[in-house]
Amino acid sequence: CLSTRFALVNSLSSLSLKNNTMGFGDLKSASGLNTLNEYLASRSYIEGYTPSQADTVVFGALSGAPSSDYVNALRWYNHILSFGGERNSFGGQKKAVTTYGPAGGDAAAKEEDDDSDVDLFGSDDEEDEEAERIKQERIAKYSEKKAKKTAIIAKSSIVLDVKPWDDETDLKEMERLVRTIESDGLVWGQSKLVPVGYGIKKLQIGCVVEDDKVGTDFLEENITAFEDLVQSVDVAAFNKI
């Protein structure tokens, strides 16, 4: 019937309007910063897994560092800021800031083109069947896009303080044993000896872990297992990457 046709028109028009809303919006406003903050909750960079011109463009669109209310955006901002002049030599090609972020321009344009192919005024007998077909096609496309997305691996940088029993503890042997601890998602980094007092030094050693695979409990349990050399283990620093 005619009323059903107009309902379908309104529904697709609503989808088209949503598709025309792309990027982060005004990054100098609270709503734009909130969108950026939510977008970076599961990402280290605007696109991909390394800094790119996408980060440079979005960084330049901000009026300054986001407030601490936007913890993910602030983390990303400080990280990109640390590159200094190197930001201009990031890989990739600069595009308009509106092409980055949720509901990017290309996907929106493609979705809008798909909408334009729909016959909104078919026969009454075919109307319900056509609407159902369109619905199922959209569900199938959405499911396909979700399946193709590469899972983002959350990582953390951890610095551990490994304390010996006394000043006679062999710290080189203690570090060697610590580095023998292996696990999928664990990479040991640099280390140094830090004076504690009374001639005693502690081993301070860093590592990068995949959050879903390695935790601080795992590290502490395995390091303290070397009980002849290790008195205790403390987390000196813990930062999300």
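This text goes with the structure placed above it.
This one's a predicted model, so the numbers in the text were calculated from it and none came from an experiment. (Residues numbered from 1 in each chain as written. Predicted model: local features only at pLDDT ≥ 70, side-chain atom pairs only at ≥ 80, totals over all residues. Heavy atoms only, no water.)

## Digging into a nonpolar patch on the surface
Side chains of Val187, Val208 and Ile241 sit close together on the surface and give an oily, nonpolar patch of about 240 Å² of accessible area. Note on placement: Val187 falls in strand S2 (residues 186–197). With a relative accessible area of 52%, Val187 lands in the exposed category. (Patch = residues over 30% accessible without salt bridge, like charges linked within 9 Å, V, L, I, M, F, W, Y side chains within 5 Å. Areas by Shrake-Rupley, 256 points an atom, 1.4 Å probe, with all protein chains shown as cover. Salt bridge = Lys/Arg side-chain N within 4 Å of Asp/Glu carboxyl O. Helix = DSSP H or I, 4+ residues; strand = E, 2+ residues; numbered from the N terminus. Buried < 20%, exposed > 50% of the residue type's maximum accessible area, 1.4 Å probe, protein only.)

## With respect to helix H3 (residues 53–61)
Here H3 lies mainly inside the structure; eight of its nine residues are buried. Along H3, the positions that sit buried rather than exposed are Gln53, Ala54, Asp55, Thr56, Val57, Val58, Phe59 and Ala61. Buried positions along H3 lie against helix H2 (30–39) and helix H4 (71–81). (Contact = heavy atoms within 4.5 Å.)

## Notes on the packing of aromatic side chains
Summed over all chains, the structure comprises four aromatic pairs. Their ring planes at 80° and their centres at 5.1 Å tell us that Phe24 and Tyr39 sit as a pair that is edge-to-face. In this pair, Phe24 is assigned in the loop between helix H1 (2–19) and H2 and Tyr39 in helix H2, connecting sequence segments 15 residues apart. Like Tyr39, Phe24 is buried. Between Phe59 and Tyr77 the ring centres are 4.7 Å apart and the planes differ by 20°, which places this aromatic pair in the stacked class. Of this pair, Phe59 sits in helix H3 while Tyr77 sits in helix H4, and the two are 18 residues apart along the sequence. (Phe/Tyr/Trp six-rings, centres within 6.5 Å; stacked < 30°, edge-to-face > 60°.)

## Describing the pairing of strand S3 (residues 200–210)
Most of S3 is tucked away: eight of the 11 residues are buried. As defined by bridge partners, S2 adjoins S3 across nine bridges and the pair is classed as antiparallel. Bridge pairing in S3 places Val187 opposite Val208. Linking S2 to S3, which pair antiparallel, is a turn of two residues; within it Tyr198 sits at a positive phi near 60°. (Pairing = 2+ DSSP bridges.)

## A word on the layout of surface pockets
Size it by volume and the second largest pocket reaches roughly 160 Å³. Around the second largest pocket, the lining residues are Ala41, Ser42, Arg43, Ser44, Asn72, Arg75, Ile152, Ile153, Ala154, Lys155, Lys240 and Ile241. When the residues that make up the lining of the second largest pocket are grouped by side-chain class, the tally is five nonpolar, three polar and four charged. (1 Å grid on protein atoms, 1.4 Å probe; cavity = no way out; pocket = protein on both sides within 12 Å on 5 of 7 lines; lining within 4 Å. Points joined across faces, edges and corners; volume = space filled by probe spheres on them. Nonpolar A, V, L, I, M, F, W, Y, C, P; charged D, E, K, R; others polar.)

## A closer look at the nonpolar core
Counting residues in hydrophobic clusters, the biggest one holds 21 residues, and the most contacted among them are Phe24, Leu36, Ile46, Val58 and Trp76. The set of elements that each furnish at least two residues to this core consists of H2, H3 and H4. In terms of residue count, H3 provides more of this core than any other element does, five residues in total. (Core = buried A, V, L, I, M, F, W, Y, C linked by side-chain atoms within 4.5 Å.)

## So, the pattern of salt bridges
Applying the stated criterion across every chain yields a total of nine salt bridges. In this structure, Arg133 engages Glu130 in a salt bridge whose closest nitrogen and oxygen atoms are separated by 2.6 Å. Taken together, the positions of Arg133 and Glu130, both in helix H6 (residues 124–148) and three residues apart, correspond to about one turn of that helix. Here Asp184 makes a salt bridge to Lys213, at a shortest N to O gap of 3.0 Å. Of the two residues, Asp184 sits in the loop between helix H7 (171–179) and S2 while Lys213 sits in the loop between S3 and helix H8 (216–223), which places them 29 residues apart along the sequence. Residue classification places Lys213 among the partly exposed residues on the basis of a relative accessible area of 44%. Taken together, the shared-partner salt bridges in this structure form one network comprising Glu130, Arg133 and Glu137.

## A short note on the packing of H3 against H4
Running from N to C, H3 and H4 point in directions that differ by 110°, and their axes come no closer than 11 Å. Relative to H4, H3 is oriented roughly perpendicular. Contacts from Asp55, Val58 and Phe59 in H3 reach Trp76, Tyr77, Ile80 and Leu81 in H4. When its residues are assigned to classes, the contact of H3 with H4 shows six nonpolar, no polar and one charged. (Axes fitted to C-alpha atoms, helices over the stretch in contact; angles between N-to-C directions. Parallel < 35°, antiparallel > 145°, perpendicular 65-115°, else oblique.)

In short, shape yes, function no, at least from these values alone.
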